[in-house]
Amino acid sequence: MRRRVTLCVMSGIAAATMVLTACGSGDGAAGGNAPGGETLRVWFPGNLSNEIEWVENELVPAFEGEHDIDVQVEFVDWGDLSTRLSTAFAGGTAPDVFGHGTAATAGFAANGRVIALDDYLADLPAEDIADMTFLDHGKIDGQQFIMPLRGFGYLLAYRTDLFEEAGLDPFASPQTWDDLRAAAEQLTVRDGDRIERAGVILPADNPTSMTQAFATFLFQAGGSFLDESGAKVTWNSPEGKEALNFLTELYAGPDAVADGLGEPTSGAGAQHPLVTGRAAMSLIDDATLKSIYEQAPDVAESIQVSAPLGEAVTASFGGAGNGLFISADSKMQDEAWAFIEFLLEPENAKAYVEVVGGIPARSSLAEDPDIAATPYLKPYVDAVAQFRGNPNVELWTQLRDILSAQVERALRGVTSADEALDASAAEATALLEQG
Amino acid sequence: MLPAVAALVVVTLLPIAYGFYLSLTSYNPVERGGPRFHGLDGYVAVLSSGQFWQAVLVTIQYAAGTLILTVPAALGLALLVNGRFPGVALFRSMLFLPRVVSLVAVSMIWLWLYSRDGLFNYVLDLVGLPPVSFLTDEDTALLSLILMRAWKALGGGMIIFLAGLQAIPKDLLEAAAVDGCGRWRQFRHVTLPLLVPITIYVVVVDVIYLAQSFSEIYILTSGGPLSSTTVVNMLIYKEAFENYRLGHASAMAFLLFCLIFALAYLNIRVLSRGGRR
């Protein structure tokens, strides 16, 4: 009896150990498909109800009807995406197709988690490839790893009624940093030391969005995050310091014209400070502007969007937004590519941005009358050539976090802009050297 | 007996052992090849990281701040609802209500209460005071979290104290009254000493619970601004799922276990000594 008990315990422990070991190895030997391998598993990032409805009710049924492939779609909130993906990789249960931002491309590619798509692309007509707006943003060392579904960007939006109220010409938007500062000063309303209405606000929900705001001004100053090899930090160049000093001065001292660091503005719709009147100008992305048009159409009528500011360079932060990868462990890679190709067909690419917002994945859609008539899409489509994105290097998300922590410190006045950039550059350089 | 032991081994002991093994490795789940054994390197790296000690400090401040508010308030409420008056059951239920609502739901409600256009700033505006950046200012964010968490914990503490109060033999209080003790002296010399075991329980359980806080911080501040609300659990999450350093995250988790054990032990020692005195 005792031997049997011991055997039971030992086999229980052995089984559990095997289960845990399988969870930990993450080699993907088990493959990434549902049993039977007949259902294509797709993870879309986000939780936009419009997008969920369109994908589940229109896109997937149309694809299934055309290709005779069952598709199981799951929407994963952006905040949970890294957690879900890393555990899926570790457990060998990664979906066949998954969406992510382009910033993650180099990391997934370097670790062999996603496949290069060049062979599939080679089968597409040349005019189709030429039509894909952001294809280059998804390349690592010349190989295509992600197919961008849309683009995004930051532009300066302002309230024309508040411009008129402050004696400014509502049709003469700021063109340079000096124009921006001067307009912001004129638009700022103070009650003693307190700002009642900010002349301008930046995307500053969290340190990452603060860094995206910094990137806009860094690019306009003629600077960059890294050098062309991607191995040397350049954000603490004189151009970088000029950009961050300009931003910190917007928030600092009695002459501050900006506030609201840490307040949620991304996708804020009717709660956005431009709508509530707590800000007269805002550097704003396409999705947030769309949310304003949907939730506060009356105020949206008095919002104008200007082209990127031109300092040394006319540029702004933006580029490829989310896109789709094919998992290297997928046993349905051809079917996965068929799904991606279907989603990027002109009518679906158009429907996607109409639902989600942003810049269409195909440049030919810039001429589409519906896109051109959509006020929250048109300015971003027009500015597409001026948008610049993050560097495609493996450690980018960690480098960005190092920079973000220091950019926040500078904007909050804890440290100077120069010290923040030098400190983050030193830390990031050490990380790059460690590899 | 055997199923219970097997369940304990499989569900509790083996995951803990595997977690400890991970803490001795370098492991990025996105990389192929699984964990690589690094011995105690991860512990050394974590213990020499300023970020970790800052998170330990924030965790202690958060737990201590919440307890300082919760324990006396819970005891006060328990004394209040210990009497018999019309509607006392309803009153007790209302006070206990926050305890049964999910922490995530409570956090979402408080996110709105604390927002720039939320209820608290609306009230401040009504009385002519300027708005407060409750969650977005590094000077107020931790305090705002503590207030929310204390409100949430109040009902649970109150119920436990109430059970302790109702277990005190009435004849002891009557004897004290016969000896000329007023209500304050009865409370100070009879009720309070007899509540020491209950207080130890409330404090120790809350310390264990609060030191593992995550969801409310994730929802309300995500550890910001300027890491002023980054508790150890938040740092573990960031290390594991944002930086993909599961080895470091596991080492932090075991160090957090040591911290919780030390805090709980310290509380038991200090409060037991106070009770004996």
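Everything quoted here is computed from the prediction, not taken from an experiment. (Residues numbered from 1 in each chain as written. Chains lettered and ligands numbered in written order. Predicted model: local features only at pLDDT ≥ 70, side-chain atom pairs only at ≥ 80, totals over all residues. Heavy atoms only, no water.)

Engineer: Which parts of the structure should I look at to understand helix 12 (residues 232-242) of chain B?
Structural biologist: Because each turn of an α-helix spans 3.6 residues, side chains separated by three or four positions in sequence point in the same direction. In terms of residue burial, helix 12 of chain B counts as a mostly covered element, since eight of its eleven residues are buried. Two residues or fewer past helix 12 of chain B, Tyr 244 of chain B is found with a positive phi of approximately 55°. (Buried < 20%, exposed > 50% of the residue type's maximum accessible area, 1.4 Å probe, protein only. Helix = DSSP H or I, 4+ residues; strand = E, 2+ residues; numbered from the N terminus.)

Engineer: I'm lost on the interface of chain A and chain B in this one. Help?
Structural biologist: For interface size, the figure often reported is the accessible area lost on association. Every contact between the two is made by 44 residues of chain A and, on the other side, 29 residues of chain B. Scanning the region where chain A abuts chain B turns up four salt bridges. Between Asp 329 of chain A and Arg 32 of chain B there is a salt bridge, with the nearest N and O atoms lying 2.9 Å from each other. Per element, the largest residue contribution to the side of chain A that touches chain B is eleven residues, and it comes from helix 1 (residues 2-25) of chain A. A class-by-class count of the residues in the side of chain A that touches chain B yields 14 nonpolar, 18 polar and twelve charged. (Contact = heavy atoms within 4.5 Å. Salt bridge = Lys/Arg side-chain N within 4 Å of Asp/Glu carboxyl O. Nonpolar A, V, L, I, M, F, W, Y, C, P; charged D, E, K, R; others polar.)

Engineer: Hey, could you run me through the packing of helix 4 (residues 88-100) of chain B against helix 7 (residues 141-166) of chain B in this one?
Structural biologist: The axes of two packed helices give the description: the angle between them and the distance between them. Residues and elements named next belong to chain B. Packing of helix 4 against helix 7 leaves a shortest axis separation of 5 Å and a crossing angle of 130°. The angle between helix 4 and helix 7 falls in the class oblique. Between helix 4 and helix 7 lies a crossing whose hand is left-handed. Only Trp 151, Lys 152, Ala 153, Gly 155, Gly 156, Met 158, Ile 159, Leu 162 and Gln 166 of helix 7 make contact with helix 4, whose side of the interface consists of Arg 92, Leu 95, Phe 96, Pro 98 and Arg 99. (Axes fitted to C-alpha atoms, helices over the stretch in contact; angles between N-to-C directions. Parallel < 35°, antiparallel > 145°, perpendicular 65-115°, else oblique. Left-handed = near helix turned anticlockwise from the far one by under 90°.)

Engineer: What's the story with the pattern of salt bridges in this structure? I'm lost.
Structural biologist: Pairs can form between side chains of opposite charge whenever their charged atoms are close. Here the structure, examined in full by the defined rule, presents 26 salt bridges over all chains. Residue Lys 290 of chain A is joined to Glu 294 of chain A by a salt bridge in which the shortest nitrogen-to-oxygen separation is 2.6 Å. Here Lys 290 of chain A pairs with Glu 294 of chain A, and both are found in helix 12 (residues 286-295), just four residues apart, close to one helical turn. On the basis of relative accessibility, which here comes to 4%, the residue Lys 290 of chain A falls in the buried class. With its nearest N and O atoms 3.0 Å apart, the salt bridge here joins Glu 408 of chain A to Arg 412 of chain A. Salt bridges sharing common partners tie together Glu 263 and Arg 278 of chain A together with Arg 116 and Asp 117 of chain B.

Engineer: Can you walk me through a negative patch on the surface in this structure?
Structural biologist: Taken together, Asp 178, Asp 179, Glu 242 and Glu 311 of chain A make up a surface patch of like negative charges. The residue Glu 311 of chain A is located in the loop between strand 11 (303-305) and strand 12 (316-320) in this model. (Patch = residues over 30% accessible without salt bridge, like charges linked within 9 Å, V, L, I, M, F, W, Y side chains within 5 Å. Areas by Shrake-Rupley, 256 points an atom, 1.4 Å probe, with all protein chains shown as cover. Lys, Arg positive; Asp, Glu negative; His and termini not counted. Charge placed at Lys NZ, Arg CZ, Asp CG, Glu CD.)

Engineer: Help me out: how do you make sense of empty space enclosed by the protein in this one?
Structural biologist: Regions of empty space are outlined by a rolling probe, equal in size to a water molecule, passed over the atoms. Residues and elements named next belong to chain A. This structure, assessed with the given rule, holds three cavities of 30 Å³ or more. Quantified by volume, the largest cavity comes out at close to 80 Å³. Considering the residues around the largest cavity, the lining is formed by 14 residues, among which Leu 156, Thr 216, Phe 217, Leu 283 and Leu 309 are closest to the centre. Counting only elements with at least two residues in the lining of the largest cavity, the list comes to strand 7 (150-159) and helix 9 (207-220). Of the residues contributing to the lining of the largest cavity, the split by class is eleven nonpolar, three polar and no charged. Here the second largest cavity is characterised by a volume of approximately 60 Å³. Contributing to the lining of the second largest cavity are Ile 201, Leu 202, Asp 259, Gly 260, Glu 263, Thr 265, Pro 273 and Arg 278. Partitioned by chemical class, the residues of the lining of the second largest cavity number three nonpolar, two polar and three charged. (1 Å grid on protein atoms, 1.4 Å probe; cavity = no way out; pocket = protein on both sides within 12 Å on 5 of 7 lines; lining within 4 Å. Points joined across faces, edges and corners; volume = space filled by probe spheres on them.)

Engineer: Sorry if this is basic, but what is going on with the packing of helix 8 (residues 177-187) of chain A against helix 10 (residues 238-251) of chain A here?
Structural biologist: Residues and elements named next belong to chain A. In contact at an axis separation of 12 Å, helix 8 and helix 10 are set at 5° when each is read in the N-to-C sense. Judged by the angle between their axes, helix 8 and helix 10 are roughly parallel. On the side of helix 8, the interface is formed by Trp 177, Leu 180 and Arg 181, while helix 10 contributes Glu 242, Ala 243, Phe 246, Glu 249 and Leu 250.

Engineer: Just to check I follow, could you spell out the domain arrangement of chain A for this structure?
Structural biologist: Residues and elements named next belong to chain A. On domain assignment, one finds that chain A holds domain 1 (34-149 + 321-344) and domain 2 (152-319 + 391-434). The C-alpha-based centres of domain 1 and domain 2 are spaced at 31 Å. Counting from both sides, the interface comprises 13 residues of domain 1 and, opposite them, nine residues of domain 2. Note on domain 1 versus domain 2: buried area summed over both sides is about 760 Å², and carbon and sulfur give 53% of it. Taken as a group, Ala 103, Ala 106 and Gly 321 account for 43% of the area that domain 1 buries against domain 2, more than any other trio of residues on that side. There are zero salt bridges connecting domain 1 and domain 2. Remark: the boundary between domain 1 and domain 2 carries three residue pairs in polar contact (both at pLDDT 80 or more). Of all elements in the fold, only helix 4 (105-110) and strand 4 (139-140) reach the threshold of two or more residues within the side of domain 1 that touches domain 2. For the side of domain 1 that touches domain 2, the element with the most residues is helix 4, which contributes three residues. In the side of domain 1 that touches domain 2, the residues fall into five nonpolar, seven polar and one charged. (Domains from an automatic or database assignment. Buried area = accessible area lost by both parts, 1.4 Å probe. Polar contact = N/O pair within 3.5 Å; in protein donor to acceptor, adjacent residues only side chain to side chain.)

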